[in-house]
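# Structural description and commentary
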Amino acid sequence: GDSEEIVIPFARAAMQGYKRAGIISSLKHFPGHGDVEADSHEDLPIVRKSKAELERFELLPFAELAAEAESIMTAHIKVPALDPDNCTTLSKKSLDFLRDELRFKGVILSDSLAMEGVLKTCASIDDAAIRAIAAGCDILILGGKQLRGHANLELELSDVERIHAALVESVLSGHLSEKRIDEAVQRVLNLKERYFLPKCPVVINHSEHQKLANKIASLALRTMINKPMPSISINQCKVGLFAPELVRENINQTTLVQMGSEMYPLFFGVDPTDEEILSANALAKNSDLLLVCTYSAWKFTSQIALVNTLLKSAKPMIVICLRDPQDALLFPNAHLIVKTFSPTQASIQAAYNKIEELCLIKN
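The paragraphs below set out a description of the structure included in this document. (Residues numbered from 1 in each chain as written. Predicted model: local features only at pLDDT ≥ 70, side-chain atom pairs only at ≥ 80, totals over all residues. Heavy atoms only, no water.)

### Focus on the overall build of the protein chain
In terms of regular secondary structure, the protein chain is built from 14 helices and 12 strands. Expressed as lengths along the three principal axes of its C-alpha atoms, the size of the protein chain is roughly 65 × 45 × 45 Å. Looking at the protein chain as a whole, 46% of its 363 residues qualify as buried. Taking all contacts inside the protein chain whose residues are at least 6 apart in sequence as the whole, residues at least 24 apart take part in 72%. When the accessible surface of the protein chain is totalled, it reaches about 18,600 Å², and 53% of it is carbon and sulfur. One finds the centroid of the 39 positive side-chain charges in the protein chain at a distance of 4 Å from the centroid of its 46 negative side-chain charges. (Helix = DSSP H or I, 4+ residues; strand = E, 2+ residues; numbered from the N terminus. Buried < 20%, exposed > 50% of the residue type's maximum accessible area, 1.4 Å probe, protein only. Contact = heavy atoms within 4.5 Å. Areas by Shrake-Rupley, 256 points an atom, 1.4 Å probe, with all protein chains shown as cover. Lys, Arg positive; Asp, Glu negative; His and termini not counted. Charge placed at Lys NZ, Arg CZ, Asp CG, Glu CD.)

### Re the sheet that holds strand E3 (residues 107-112)
Remark on secondary structure: sheet strands pair via backbone hydrogen bonds, oriented parallel or antiparallel. The 4 strands are arranged E1-E2-E3-E4 in an open sheet whose pairing can be described as parallel. The strands lining the two open edges of the sheet, one partner per strand, are strand E1 (26-30) and strand E4 (139-141). Shown here is a sheet whose adjacent strand axes are inclined to one another by a mean of 25°, direction ignored. When E3 meets E4, the two strands line up parallel, connected through 2 bridges. By the bridge assignment, Ser112 is partnered in E4 with Ile141. (Pairing = 2+ DSSP bridges. Axes fitted to C-alpha atoms, helices over the stretch in contact; angles between N-to-C directions.)

### Quick notes on the pairing of strand E10 (residues 317-321)
Burial runs high along E10: 5 of the 5 residues are buried. On E10, burial covers both faces: Met317, Val319 and Cys321 on one face and Ile318 and Ile320 on the other are all buried. Here 5 bridges tie strand E9 (residues 289-294) to E10, and the two strands are oriented parallel to one another. Among the inter-strand pairings, Thr294 is bridged to a residue of E10, identified as Cys321. Handedness of the E9-helix H13 (residues 301-311)-E10 crossover: right-handed. Bridging between E10 and strand E11 (residues 336-339) involves 4 bridges; their strand directions are parallel. In the strand pairing of E11, Ile318 is matched with Leu336. (Right-handed = clockwise from strand over helix to strand, strands pointing away.)

This is the structure we're talking about:
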């Protein structure tokens, strides 16, 4: 939000709700990520405000809530008022400010080290990990694929093992102190102890969990019917399915792939090439119904271009916005838009169930 008076009570209520549910939450992104022009997934944003300005606005929610927070996540942004040389994740000055000035005693998490905002200033992700720990991060986040949409950035087990080995070597060489590692480990252990995590194995993802996930996904859906859509029989229509490659696995685990008498799937990069756009256009010509899944399309002009190309075919179109709901505003000429707020299997299945419920597709 753009008002600290709104942000603080909402953040406090969210933290309290998570805590009652036994869920560890995190305030993010310190020291404040809202007022930037660049996306830290792709570049290093800079916040050029004075310390006094930051304390009146960006820093205020963290200052108010630090004593109640279990963890705080860093931002891959440069804030010269706190440190003119390093982004916050790699800035000992900034994280010392969080500890010393804001009196935060909990766990500091890095934002994902697979993001360009931090990698642009590091020799490698291994280097980023060492510098983040040295700066004061206690836990390192390494997710990549669904953050940036580039499957080749999803780290494998071997990458994590290599990063771990680099951290160990950094300690052995004296670059990282054992004291710094011990501090981080102790904070994590303290956090686990406060949440009394059971020492016996916990069964997760069983049928009751899946039912709850499905219910949550269904309740989260929002639909926009922009114009009447012709009644289409699932036994007679040929469906062209267009979706980013990074959600292929989740889509294939749902009944969405059973739509139509025939389905023609095309999976594209989250930032589609001209060739992929041409292929989508050709596939649309042989389809009776177009089903398009977007993934943060507002960030990628070529993904918007792909959908607009399909709209020019004048075929009935359903758009499922799988991550960011603002994608829906980009395509007012689509017949039906379903916003899921999530790219998970449960959300994709819920979207398909909603389409059936609206009787746009009939057995």
